[in-house]
Amino acid sequence: MHRVYLDNSATTPLFPEVLEAMRPYFIDRFGNASSIHHHGQETRAAVEAARESVAALIGCRASEVVFTSGGTESDNLGIFGVLRPGDHLITSTVEHHAVLNAAKHLEASGCEVTYIRVDGRGMVDPEHARQALRPNTKLISLMMANNETGVLQPIAEIAMIAADADVYLHTDAVQAAGKLPLRVSEVACDLLTISGHKIHGPQGTGALYVRKGVTVEPMIYGGRHERSRRAGTENVPGIVGLGRAAALAQAGFERGEAKRLGELRDRLEQGILASVEAAHINGLGAPRLPNITNISFDGIEAESLVIALDLKGLAVSTGAACSSGAIEPSHVLLAMGLRSEQAKASIRFSLGKQNTKEDVDFALSLVPETVARLRQLSPLWGKESVVR
Amino acid sequence: MGERERRPLDEDRKEKKRMSTNTIAVAMSGGVDSSVVAALLRAEGHPLIGLTMQLWNQRRLAGREGMPETVTGRCCSLDDVYDARRVAETIGIPYYVVNHEERFEKEVVRPFVEEYLSGRTPIPCSLCNNHLKFDQLLVVSRQIGAHKVATGHYARVEFDEISSRWLLKRPVDQAKDQTYFLFGLTQEQLSHTLFPLGGMTKLEVRELARQFGLVIAEKPDSQEICFVPGGDYKAFIDAYLVEQGDALPDTAGDLVTTDGKVVGEHAGIHNFTVGQRKGLGVATGSPLYVIQIKGDARQVVVGEDKDLYSRTLLTHRNNLISVETLDRPMRVLVKIRHRHAGAMAMIESSGAGAIRVTFDEPQRAVTPGQAAVFYDGDVVVGGGWIA
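These figures come from a predicted structure and were not determined experimentally.

So, how was this worked out
- Residues numbered from 1 in each chain as written.
- Chains lettered and ligands numbered in written order.
- Predicted model: local features only at pLDDT ≥ 70, side-chain atom pairs only at ≥ 80, totals over all residues.
- Helix = DSSP H or I, 4+ residues; strand = E, 2+ residues; numbered from the N terminus.
- Rg over C-alpha atoms; globule rule 2.2 N^0.38 Å.
- Buried ≥ 20, exposed ≤ 12 C-beta atoms within 10 Å, placed from the backbone.
- Contact = placed C-beta atoms within 7 Å.
- Axes fitted to C-alpha atoms, helices over the stretch in contact; angles between N-to-C directions.
- Left-handed = near helix turned anticlockwise from the far one by under 90°.
- Nonpolar A, V, L, I, M, F, W, Y, C, P; charged D, E, K, R; others polar.
- Domains from an automatic or database assignment.
- Core = buried A, V, L, I, M, F, W, Y, C linked by C-beta atoms within 7 Å.
- Pairing = 2+ DSSP bridges.
- pLDDT = per-residue confidence, 0-100.
- Arc of directions from axis to C-beta.
- Parallel < 35°, antiparallel > 145°, perpendicular 65-115°, else oblique.

1. Looking at the overall build of chain A
So, step 1. Broken down by element type, chain A carries 13 helices and 14 strands.
So, step 2. Since a compact globule built from 388 residues should have a radius of gyration of about 21 Å, the 21 Å found for chain A is in line with a globular shape.
So, step 3. Each of the three principal axes of chain A carries a C-alpha extent, and together these read 70 × 55 × 40 Å.
So, step 4. Residue burial in chain A is summarised as follows: out of 388 residues, 53% are buried.
So, step 5. In chain A, the proportion of contacts linking residues at least 24 apart, taken out of those at least 6 apart, comes to 71%.

As structure tokens, this is what we get:
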């Protein structure tokens, strides 16, 4: 079956160049990067070269990059690493669960947390962050771009508020990396999360930027790896892959890849809006990442649409799945004020660098007829007027 | 991406056509029966889609007062989803979990609680069949391109040329007969339903599971109500109402005899079911049974065994299967609970959509909230809810 993958916010296919870069470190160059002999030196050099690539992608010093097992660990380290019982955290209602559930755990262990709300477009109002500040506020954690809608948060303004108040700023840039210019000096954040597999690197890899001068308590204790911020023998092939993916993301960004993705996304959105009635783009009017669109189709269950499209060869998703794999209404869309049935009628399409105009046209050849079939058989559609 | 996998278009078209004409959705619970259904249909060459309905979060009430701390191996538990997924992988079919928790709560759990609080004894499995498995799941299945839904129920469905009606019939394995829970299926639903196990015995099904090499071949059968762990429905009702923020409605009242004499008190009518003997808290010479529960008056009527027998009952919210209408009285076998052997009776319309059942011999413990299902030999004539 011809298959097209438009779920790149979940994960991206590994670039062949990345695999090639990793390959020697599975077999020939197997040394422990902490060993003093030749084998160790060889892999140490590879790890540090990868660190420089990641540093180049986000515009920081290599020493400010901590390698982790992925976005979730980076978010956890950034949050648990600086907060102590009695401290106050400000975050938003639309964060990824890696931040939200970390915040919930903090609440249960003696920290205070304020979740600032978003408007109908999915954006926080920086003024709300300012108002939420307390004498014991230690950290603001706000995502750079939302993983379900692609909506960008006003991080620069939040950074000024954080700086004025002398509190740390952490941002989850897992989705933004490779799609937005990411200079930590310009963002003025103290902590920033990226993930390897969202930028065509390997799963199980990620990094946390920790600004020089910021101390994070490790979550994993052991040897003095990663400057005592994350113990454990380095995942050398993974780190090498992350480094290569970061370099490719940087090069792609300089080539104008973001613009190309934006054009594909616009083609997809316009094509769907032109051929499907009662379809609505979530987050419209807010600045958004170029590669994500989240669309509600009135009168359908997104769950059925995802399955029906998958059976026809198109991979898309809804925002959230529970542990059984069943779909739950998205907390992000609910926070934006969508009713439960609207949230459950929403699909995310996310493009990657491998996607072409033909891929978008394949989606456009399937989505309208599939939505029509769902609506024809839906007890929700046409029986009463669907008011939005 | 995908260039390497691209095949000539006509092949794609052929596959699409094949998928759209005979694709079957299999409702997979992770148990032996539905797993064998999937494997059998796969072996017969049908394009299949495996679906598991996520109906209830077993962890939701876990640990509340009276409820077990942990729940494993129950319907809708992660273990069951895992099993269903493994089976789908083994036989090589696409598999998805569909979330119907909201509807299950609205159509099954809430009515279950409300029926008990009104002094009736509900059958959640029938509600689930009517509103979820053969309704919502059928809609989803048709939406995603399947034309029929197959389940692991022990029952048979056949089209009768003479009457031009879809018939629901008892299975070959009478001990596993599940037709009592399926009386609510409409003609439309039956026309889209397959019961591939209707011609087999449970022993044969288990043997097939072994032959197909399914990991769940030795998994025990599930018996209890899937969302009530441990089978303690009273604890469930309490825990559910607390979770919902509703205080348990006070349904305490008097225990009275059949001639209206108050002989004691009770803590709530939902603790009783017709025919119950234990837990009445009244000591008398002869054994006492619950004869009737008067919801409005909060009275539990108690009496002797002989008082439990009645010759007639009325059913409402009826569904007829083998006949379109009940124009004249009909002689049938009637089952008034799942484990009831059945008794001969006449059924006739009784105005306002009700059906009057008149047994040849008085029947013990006719229980409001349960179903009366009518049989003509192996054929299910229809059924209704006992008023």
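2. As for the overall build of chain B
So, step 1. Counting its secondary structure elements, chain B contains eight helices and 17 strands.
So, step 2. Taking 2.2 N^0.38 as the reference for a compact globule, 387 residues should give roughly 21 Å; the C-alpha atoms of chain B span a radius of gyration of 23 Å, in line with that estimate.
So, step 3. The dimensions of chain B, computed from C-alpha atoms along their principal axes, are 85 × 55 × 35 Å.
So, step 4. Scored against the burial criterion, the 387 residues of chain B give a buried share of 44%.
So, step 5. For chain B, the proportion of contacts with a sequence separation of at least 24, taken over those separated by at least 6, is 65%.

3. Let's talk about the environment of Gln250 of chain A
Residues and elements named next belong to chain A.
So, step 1. Inspection of the secondary structure assignment puts Gln250 in helix α8 (residues 236–255).
So, step 2. When the 20 C-beta atoms within 10 Å are taken as the criterion, Gln250 is described as buried.
So, step 3. A sequence separation of 28 residues divides Gln250 from Ala278, and the C-alpha atoms of the two residues are 38 Å apart.
So, step 4. Setting aside anything within four residues of it in sequence, one finds Gln250 in contact with Ala56 and Leu57.

4. What about the packing of helix α3 (residues 71–80) of chain A against helix α4 (residues 97–108) of chain A?
All names here are of chain A.
So, step 1. α4 packs onto α3 with a crossing angle of 40° between their chain directions and a minimal axis gap of 9 Å. Both α3 and α4 take part in a crossing whose hand is right-handed. In this structure, α3 contributes Gly71, Thr72, Asp75, Asn76, Ile79 and Phe80 to the contact, and α4 contributes Ala98, Val99 and Ala102.
So, step 2. Residue composition of the contact of α3 with α4, by class: five nonpolar, three polar and one charged.

5. Structural notes on the domain arrangement of chain A
Often the size quoted for an interface is simply the accessible area lost on bringing the parts together.
All names here are of chain A.
So, step 1. When its domains are assigned, chain A resolves into domain 1 (4–12 + 256–376) and domain 2 (16–253).
So, step 2. Facing 24 residues of domain 1, the contacting portion of domain 2 comprises 26 residues.
So, step 3. Listing elements by their share of the side of domain 1 that touches domain 2, those giving two or more residues are α9 (257–275), β10 (292–297) and α11 (331–335).
So, step 4. The residue inventory of the side of domain 1 that touches domain 2, partitioned by class, reads nine nonpolar, eleven polar and four charged.

6. Quick notes on the nonpolar core
Proteins that are soluble and globular tend to have nonpolar side chains buried together.
So, step 1. Counting 134 residues, the largest nonpolar core has Leu305 and Ala363 of chain A together with Val26, Ala38, Leu51 and Val302 of chain B as the members making the most contacts within it.
So, step 2. Considering every element that reaches this core, the biggest residue donor is helix α10 (residues 302–311) of chain A, with seven residues.
So, step 3. Leave out the neighbours within four places in its chain, and Ala363 of chain A touches Val4, Leu6, Leu268, Leu314 and Phe349 of chain A.
So, step 4. Residues Ile161, Leu169, Val236 and Ala247 of chain A belong to the second largest nonpolar core, which totals 85 residues.

7. Points about the domain arrangement of chain B
All names here are of chain B.
So, step 1. Domains assigned within chain B are domain 1 (21–152 + 196–233), domain 2 (251–303) and domain 3 (308–386).
So, step 2. For domain 2 versus domain 3, the distance between C-alpha centres works out to 26 Å.
So, step 3. The interface of domain 2 with domain 3 comprises five residues on the first partner and four residues on the second.
So, step 4. Looking at the side of domain 2 that touches domain 3 residue by residue, the classes come out as three nonpolar, two polar and no charged.

8. Considering the sheet that holds strand β9 (residues 279–281) of chain A
Residues and elements named next belong to chain A.
So, step 1. Strand order across the open sheet formed by three strands is β9-β10-β14, with antiparallel pairing between neighbours. At either end of the open sheet lies a strand with only one pairing partner, and these are β9 and β14 (346–350). Ignoring which end each strand starts from, the neighbouring axes of this sheet average 30° apart.
So, step 2. When β10 meets β14, the two strands line up antiparallel, connected through five bridges. Each bridged residue has a counterpart across the sheet, and for Thr293 the counterpart in β14 is Phe349.

9. What to know about the pairing of strand β12 (residues 309–320) of chain B
Residues and elements named next belong to chain B.
So, step 1. Sheet topology note: the β12/strand β15 (residues 355–364) ladder contains six bridges and is antiparallel. Looking at the pairing, Thr315 lines up with Ile355 of β15.
So, step 2. As paired strands, β12 and strand β17 (residues 379–386) are joined by four bridges and run antiparallel to one another. Bridge pairing links Asn319 to Gly383 in β17.

10. Thoughts on the confidence of the model for chain B
All names here are of chain B.
So, step 1. Residues at a pLDDT of 70 or more form 91% of chain B, whose mean pLDDT is 89.
So, step 2. When the criterion is pLDDT under 50, residues 1–6 qualifies, and its contacts beyond four places in sequence or with other chains add up to nine contacts.
So, step 3. Scored by ipTM, the complex comes to 0.85, with pTM at 0.88.

11. Focus: the confidence of the model for chain A
So, step 1. Looking at chain A as a whole, the pLDDT averages 94, with 96% of positions reaching at least 70.
So, step 2. In this model, residues 384–388 of chain A is a region of pLDDT below 50 whose contacts with residues beyond four sequence positions or in other chains number five contacts.

12. Remarks on helix α6 (residues 155–165) of chain A
Residue and element names in this part refer to chain A.
So, step 1. Regarding α6, the residues found buried are Ile155, Ile158, Ala159, Ile161 and Ala162. Buried residues of α6, seen end-on, are gathered within an arc of 160° and therefore sit on one face of the element. Among the exposed residues of α6, those oriented more than 90 degrees off its buried face are Ala156 and Asp164.
So, step 2. Where α6 is buried, its residues contact α5 (126–132), β5 (137–141), β6 (168–172) and α7 (184–187).
So, step 3. Asp166 lies just past α6 and shows a positive phi near 60°.

13. Topic: the sheet that holds strand β8 (residues 253–257) of chain B
Residues and elements named next belong to chain B.
So, step 1. Read across the open sheet, the four strands follow the order β9-β8-β11-β10; overall the sheet is mixed. Only two strands of the sheet have a single neighbouring strand rather than two, namely β9 (262–266) and β10 (289–294). Ignoring strand direction, the axes of neighbouring strands in this sheet form an average angle of 30°.
So, step 2. Strand direction decides the pairing type here: β8 and β9, joined by four bridges, are antiparallel.

14. A short note on the environment of Phe104 of chain B
Residues and elements named next belong to chain B.
So, step 1. In this fold, Phe104 is placed in helix α4 (residues 101–117).
So, step 2. The exposure class assigned to Phe104 is buried, which follows from the 24 C-beta atoms found within 10 Å.
So, step 3. Those residues in contact with Phe104 that sit more than four places away from it in its chain are Leu55, Trp56, Val109 and Leu132.

15. Description of unusual backbone geometry
So, step 1. A positive phi angle, near 55°, is found at Ser164 of chain B, a position not held by glycine.
So, step 2. Relative to the assigned elements, Ser164 of chain B resides in the loop between β5 (156–160) and β6 (165–169).

16. Comments concerning the pairing of β10 of chain B
All names here are of chain B.
So, step 1. With five of six residues buried, β10 is to be regarded as a mostly interior element.
So, step 2. Taken together, the five bridges between β10 and strand β11 (residues 299–303) define a ladder with antiparallel strand orientation. Its bridge partner being in β11, Gln292 is matched across the sheet by Val301.
So, step 3. Hairpin geometry of β10 and β11 is characterised by an intervening segment of four residues between the two adjacent antiparallel strands and by a positive phi of about 55° at Arg298.

17. Things to note about the packing of helix α2 (residues 32–43) of chain B against helix α7 (residues 202–211) of chain B
Residue and element names in this part refer to chain B.
So, step 1. Orientation of α2 relative to α7, taken along the N-to-C sense of each, is 60°, at an axis distance of 9 Å. As the angle between them shows, α2 and α7 are arranged oblique. Considering how the two elements wind past one another, α2 and α7 form a crossing that is left-handed. Judged by residue contacts, Val32, Asp33, Ser35, Val36 and Leu40 of α2 engage Val205, Arg206, Leu208 and Ala209 from α7.
So, step 2. Split by residue class, the contact of α2 with α7 holds six nonpolar, one polar and two charged.

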